[in-house]
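Listed here are the chains, written in short residue letters.
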Amino acid sequence: MKTVRFWKIAALLFCTGILTTHLLNGATATMGTVNLTGTEYVIASDADNAGPSYNRDRIPVSVAVSFFGASSEPQRNYRVRFRLLEEGTDAVFGAFNTPSTPWPVFYSGGTPQPPVIGFSGAITPTAQLDHHRRYRVEAQLQIQTQVGSLLLWLNHSAAPAYSEFRRFYHFTSTVSSDLELNVLARTTGNASYTRRFLIDDSPTQDHAIVSVPYEMRRYDSFASTTPPVSNIAVSWEVRLFNTQSGSPVEVPLLPDPSWNYTVAMAAFNSGTPKAPHTFSGTQQIRLRPAQQIDSWRSHYVVVTLSHAERPAFGALPTLVVTADTRQTSNLRILHFNGRLDFGAIQTTLLSVQNNPASGNTVSGTEINCTLQVDVAHITGAKSGHTLVPGQTFPVRLLPDGRAVFNGMDPVIVQPPQTPDRETILGIDYLRSLIQLSQSGVSSAILLMPPGGMTITNNPGDKLGMAFLPFLNIALTQELRPIVNSLTFSNPAAPVYVAEETKPVQIECLSITWEIDQGRIDLETTGNAHHTQEKAWADLAAAPIPSAQKIKRSNDGYYRQLTGLASSSAHITPHPFNQSARLTAAFAFGPGTFRTHFPYDAIITMGGGQMVVENDVIDLDPGKSRLEGVTAINVIYLQSCPPDPENGCSASPFSAGNFTLTPANNRLLFTPDGGLISRGNLAFIPILTPPSDPSTVSCGALSMIPTRAPPPSQNASPTPPQAVSPKGPSMLPGIFFAFRSVTSAWPPVSST
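Our subject in this report is the structure included herewith.

Reading the values: rules and limits
- Residues numbered from 1 in each chain as written.
- Predicted model: local features only at pLDDT ≥ 70, side-chain atom pairs only at ≥ 80, totals over all residues.
- Heavy atoms only, no water.
- Helix = DSSP H or I, 4+ residues; strand = E, 2+ residues; numbered from the N terminus.
- Buried < 20%, exposed > 50% of the residue type's maximum accessible area, 1.4 Å probe, protein only.
- Contact = heavy atoms within 4.5 Å.
- Areas by Shrake-Rupley, 256 points an atom, 1.4 Å probe, with all protein chains shown as cover.
- Salt bridge = Lys/Arg side-chain N within 4 Å of Asp/Glu carboxyl O.
- Core = buried A, V, L, I, M, F, W, Y, C linked by side-chain atoms within 4.5 Å.
- Phe/Tyr/Trp six-rings, centres within 6.5 Å; stacked < 30°, edge-to-face > 60°.
- Lys NZ or Arg CZ within 6 Å of the ring centre and 35° of its normal.
- Pairing = 2+ DSSP bridges.
- Polar contact = N/O pair within 3.5 Å; in protein donor to acceptor, adjacent residues only side chain to side chain.

### As for the overall build of the chain
Thought 1: On a plain count of helices and strands, the chain comes out with 2 helices and 56 strands.
Thought 2: Within the chain, buried positions represent 44% of all 751 residues.
Thought 3: In the chain, of all internal contacts separated by at least 6 residues, the share reaching a separation of at least 24 is 67%.
Thought 4: In the structure as shown, the chain presents an accessible area of about 36200 Å², 54% of it carried by carbon and sulfur atoms.

### Observations regarding the pattern of salt bridges
Thought 1: Within this structure, the stated rule accounts for 32 salt bridges.
Thought 2: When the shortest N-O distance is used, the salt bridge between R217 and E40 registers 2.9 Å. With a gap of 177 residues between them, R217 in strand β16 (residues 208–218) and E40 in the loop between β2 (35–36) and β3 (41–43) connect regions that are remote in the sequence.
Thought 3: Measuring nitrogen to oxygen at the nearest pair gives 2.6 Å for the salt bridge that ties R396 to E366. Taken together, the residues span a long stretch of sequence, with R396 in strand β30 (residues 392–397) and E366 in strand β28 (residues 366–378) at a distance of 30 residues.
Thought 4: Beyond isolated ion pairs, a larger network of salt bridges with shared partners links K382, D420, E422, R431 and R480.

### Quick notes on the nonpolar core
Thought 1: With 80 residues, the main nonpolar core has F393, I506, Y557, F586 and F588 as its most contacted residues.
Thought 2: Broken down by element, this core gets its largest block of residues, 6 residues, from β28.
Thought 3: When residues no more than four places from it in sequence are discounted, the contact partners of F586 are V504, I506, L561, G563, L564, A565, G608, Q609, M610 and V612.
Thought 4: Judged by nonpolar contacts, the second largest core, of 30 residues, contains Y214, V234, L253 and I293.

### Section: the packing of aromatic side chains
Working definition: an aromatic ring pair is given by the centre-to-centre distance plus the angle between the planes.
Thought 1: In total, this model carries 17 aromatic pairs according to the counting rule given.
Thought 2: On the numbers, 6.0 Å between centres and 45° between planes, the contact of Y41 with Y169 is tilted. Note that Y41 is positioned in strand β3 and Y169 in strand β12 (residues 169–171), a separation of 128 residues in sequence.
Thought 3: We classify Y169 as buried; its relative accessible area is 2%.
Thought 4: Here a set of aromatic residues connected by ring pairs shows up, and it is made of Y41, Y169, F171, Y219 and F222.
Thought 5: In this structure, R136 packs its charged tip against the face of Y162, placed 4.0 Å from the ring centre.
Thought 6: Positioned above the aromatic ring of W536, the side-chain terminus of R559 is 3.6 Å from the ring centre.

### Looking at the pairing of strand β21 (residues 298–309)
Thought 1: Taking burial as the measure, the 12 residues of β21 include 11 buried ones, the bulk of the element.
Thought 2: With 9 bridges connecting them, strand β17 (residues 229–244) and β21 associate as antiparallel partners. Opposite S235, over in β21, you have S306 as the bridge partner.
Thought 3: Pairing analysis gives 2 bridges linking β21 to strand β23 (residues 331–332), with the strands arranged antiparallel. From the neighbouring strand, H299 faces β23, where its bridge partner is L331.
Thought 4: Two elements, β21 and strand β22 (residues 319–327), share 7 bridges in a ladder whose sense is antiparallel. Along β22, the bridge assignment pairs H307 with V321.

### Some details on the side chain of D46
Thought 1: Secondary-structure assignment places D46 in the loop between β3 and β4 (59–68).
Thought 2: Taking the relative accessible area as the measure of exposure, D46 reaches 2% and is therefore buried.
Thought 3: When sequence neighbours within four positions are dropped, the list of residues in contact with D46 reads Y54, N55, R56 and D57.

### Topic: unusual backbone geometry
Thought 1: In the segment running from T272 into P273, the intervening peptide bond is cis, with an omega of 0°.
Thought 2: Cis geometry is found at the peptide bond from T418 to P419, where omega equals 5°.
Thought 3: Considering the arrangement of structural elements, one finds P419 in the loop between β32 (411–414) and β33 (420–424).
Thought 4: For N664, which is not a glycine, the phi torsion comes out positive at approximately 55°.
Thought 5: Mapped onto the fold, N664 is located in the loop between β51 (655–662) and β52 (668–669).
Thought 6: A positive phi angle, close to 55°, is found at N665, a residue other than glycine.
Thought 7: Tracing the backbone shows N665 in the loop between β51 and β52.

### A look at the side chain of S176
Thought 1: Residue placement: S176 occurs in the loop between β12 and β13 (183–187).
Thought 2: In terms of polar contacts, S176 uses its side chain to reach the backbone amide nitrogen of A223, at 3.0 Å.

### Some words on the environment of R297
Thought 1: If you trace the backbone, R297 turns up in the loop between β20 (277–287) and β21.
Thought 2: For the pair formed by R297 and Q244, sequence separation is 53 residues and the distance between their alpha carbons is 7.1 Å.
Thought 3: R297 has contacts with N242, Q244, L331, R332 and I333, leaving out every residue within four places of it along the chain.
Thought 4: At 3.0 Å, the side chain of R297 forms a polar contact with the side chain of D294.

Structure representation (structure tokens):
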């Protein structure tokens, strides 16, 4: 057996030498580039279609060969063998060795005729070509050689020629009605990051995005006139890795709808010939990490495309065909947890307008980057206060996902409505120009005085300030002042504060809003001014008769105001209507004034004081009183003056004079500023004495309002209203009234 084997090998070597010698007698040849003249499709079913354009079951190829040089032989036969080779391996893909038709070359006078021959052929794959790979065709020139009685085809010495690399979509189905969907899918480009950041809980940016271009081609039901449409299930396997110390560590991801969906595809495109239907697109694959990722580490994503397919036979479940896999570059993904801090103030970041790029790292784990805010708001109760969109500022991204403002210019906050008004314990204020910085949040605070409180720069001014400004005030997370009090002062001059129910302007060095107590404290100079001082001065200087310069008013004692009896004063808002309620003590000096009702009674006073608590006069005689009051004379009519139009025809009429000597020479106050006192009352007739003098033998005289005192101050019995001697001519207002000396009201002071 060994001897036979030896002789076979020896014979083969001998023949090879002879054949090589014969090849030397052939012409010299060179080959051009191999041409692929067909389409990118290889469709097996075309073999059964007699149509002239249905020849796509093969791959048409051709090559031109040039012959030159002399030969001692009159004729030699040549052919080309075509092979399909896989890119990267040069493996022959199946038995694609069918040669071209032999072509003779004649030698006339030693010159080959024809000098150029075009060889063509077609390659019919015997196995499905992989559309994820590329192929090229090799053309090898062969020469026919005779050895004895044998004709052999041997490779010519000319170098093989090749085509360009091409991708083929090979549809192998030959049965139009089979169950298979006949879909070929592949990615057509690299996977790349479209968005390398994400914000937790953002409605639009809670994911990073990887983009992958891909295509799907289908050729099915080719015997049908109209192509049916099928929904092809597509799925992506997505995996995220970070490079930790050089070793990839997988990061868990939350499933996302972008990973699974369907594509509607027709079985073919109508025409002559029918063509495969093609769908192409770029899938935006969303990445939602199941945990906070380390933004300072680099990450890459691996994606694998798959699609559904059905088996050719039987009612088996849908199969999943894996197409191919792509991987992104190794880059950072910025993972924001949605918290954006400005000092101690937290804001919520929901979206940004830019695609923030990773900058340099701080301390190895913090990343500098720049945000152009789109939607962000103050966290908590003031979520309606939003950051003005479009502002760009730097931040540091911490490992836990928090972003910390790192800029120099402030970030502006806009309120949900203007004015931005709020109330603390009944006192209103406005916020203006809210700004966020590394120190937190601040704004201008505009204190709105309670209703009825007026603040002016000059005594006698009628129009007051609309608000008191406090600039650059630090605020809490709820956008309230951090401090418990805010003080307004005017270094150049004092300000003047009035409360509308008291005709007094209090001269103040400063005004302090005690925020946590709901009170406005007045730091006074001790001075106070009657609000009508200028009006009285203007009246005195007016070019009118002296009799017309007399102003009769029951609150004339305010003209004798000398200042405050106590330096402390404050204003609080009413708990229901937020009107200003003054607490202060006023001092009065000596003087004289004329009452309006009873008309033209002259009151001469030596001084006094008034204590006001929450806008109501304290009735304690030891706190509120007019002192040094001399006897008060009141002239009254005992009958009507003639007035025919009103039915009064008495004539002549008579008048009388009441004289009240107040007890202890004091007049006391009623709750809302009226005057009242006990004392001796004398009646002095002027013309005609009264018919019954006993009716006025003794009594008490008061100047009180015609309405009852407020309920809160009505601890004592309401003083009875007196019947005016003028009868129907009585008007509401302040007037003198008679009452019994035994009445328990007003209180009698022992001082």
